[in-house]
Amino acid sequence: MRCVVANWKMNLSFEEARTFCEDFLGHVSLGAGTEAGIAPPYTMLHLVSDLVRPKGLHVFGQNGHAEPKGAFTGEVSMPQLRDAGCSGVLLGHSERRQLFGETDAALIKKVKAAWQWDLLPLLCIGETLEQRDAGQTLDVLGQQLAILGETGPGPLWVAYEPVWAIGTGRRAEAPQVAEAHAFIRATLNRYFAGTEYQVPILYGGSVTPETFTELLGIPEVAGGLVGGASLDPAKFAALVKQAG
Ligand code: 13P
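Residues numbered from 1 in each chain as written. Predicted model: local features only at pLDDT ≥ 70, side-chain atom pairs only at ≥ 80, totals over all residues. Heavy atoms only, no water.

Undergrad: I keep staring at unusual backbone geometry and nothing clicks. Help me out?
TA: In this model, L12 sits at a positive phi of 80°, which is unusual for a non-glycine residue. Along the polypeptide, L12 turns up in the loop between β1 (2–7) and α1 (14–27). For S206, which is not a glycine, the phi torsion comes out positive at approximately 60°. For S206, the position within the fold is in the loop between β7 (201–204) and α10 (209–216). (Helix = DSSP H or I, 4+ residues; strand = E, 2+ residues; numbered from the N terminus.)

This is the structure:
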């Protein structure tokens, strides 16, 4: 299975989102074995969901709170994401970890809450440049995946997003991607031992249509989580086509 997900982050207006979806759907047809999704800002979830879910695409929240409701000003819960038309939720994006203090302890609760509300968690992991330079990449990935020891196995996608490759135009080199993905697979095999479920491992960080085909040729790369290039409907359609 191949998976391509657009992470729009805090971009686009309501009308731009509508135009994007109409354009994108005009360009794309999903091949068998290809899954695609869009993670828009909360204000556009309903709109995007109404437009793309009938065409078989996923819609992801960019975050979700672990509690189903309550006094958490500014937060959105998993049942509210479902209500808005989501089938999944991004969790642990490096921007959430770095800018908003997301912790692994919170992520354990969020993954469990996503499952409780029948949302597919797309767990993002990745090392900073300092951690890579210090030779800590695999340790960091192992620590970030250790939350699965607490949650147990369940439906999950994982995205390897080296923080230094996000929004920088500096994609990780093929051997770096291959090493990280092989390590993630071996680690997931431990947490999912005894289950049939095969977690797709996506790569994220400066993915473009120019570089995606090479990435897809790397063992254990099941697809991409795409920021900047996913804001252009023709580019995102090209990425989905390359995955198909
Ligand atoms: P860019 O594709 O803009 O580097 O962003 C990657 C990302 O953070 C996707 O979640």
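From this point, things continue past the structure.
Undergrad: Mind showing me how you'd approach the environment of S49 here?
TA: Inspection of the secondary structure assignment puts S49 in helix α2 (residues 45–52). Taking the relative accessible area as the measure of exposure, S49 reaches 7% and is therefore buried. Taking the C-alpha atoms as reference points, S49 and E75, 26 residues apart in sequence, are found 20 Å from one another. Not counting the four nearest positions on each side in its chain, S49 is found in contact with P54, V59, A84 and G85. (Buried < 20%, exposed > 50% of the residue type's maximum accessible area, 1.4 Å probe, protein only. Contact = heavy atoms within 4.5 Å.)

Undergrad: What is the right way to look at the packing of α1 against helix α11 (residues 233–243) in this model?
TA: A pair of packed helices is captured by two measures, namely the crossing angle of their axes and the spacing between those axes. Look at α1 against α11: their axes get within 9 Å of each other, and the N-to-C directions meet at 40°. Here α1 is positioned oblique relative to α11, judged by the angle of their axes. Once α1 is placed against α11, the crossing between them reads as right-handed. Between α1, through F20, D23, F24 and H27, and α11, the contact on the second element is made entirely by P233, A234, F236, A237 and V240. Here the residues of the contact of α1 with α11 are counted per class, giving seven nonpolar, one polar and one charged. (Axes fitted to C-alpha atoms, helices over the stretch in contact; angles between N-to-C directions. Parallel < 35°, antiparallel > 145°, perpendicular 65-115°, else oblique. Left-handed = near helix turned anticlockwise from the far one by under 90°. Nonpolar A, V, L, I, M, F, W, Y, C, P; charged D, E, K, R; others polar.)

Undergrad: Sorry if this is basic, but what is going on with the pattern of salt bridges here?
TA: Under the definition given, this model contains seven salt bridges. For E102, the salt bridge is made with K110, and the minimal N-O distance between the two is 2.9 Å. In terms of burial, E102 and K110 fall into one category: buried. Where R185 meets E220, a salt bridge forms, and the shortest distance between an N and an O atom there is 2.8 Å. (Salt bridge = Lys/Arg side-chain N within 4 Å of Asp/Glu carboxyl O.)

Spatial relationships are all this shows, so hold off on functional conclusions.
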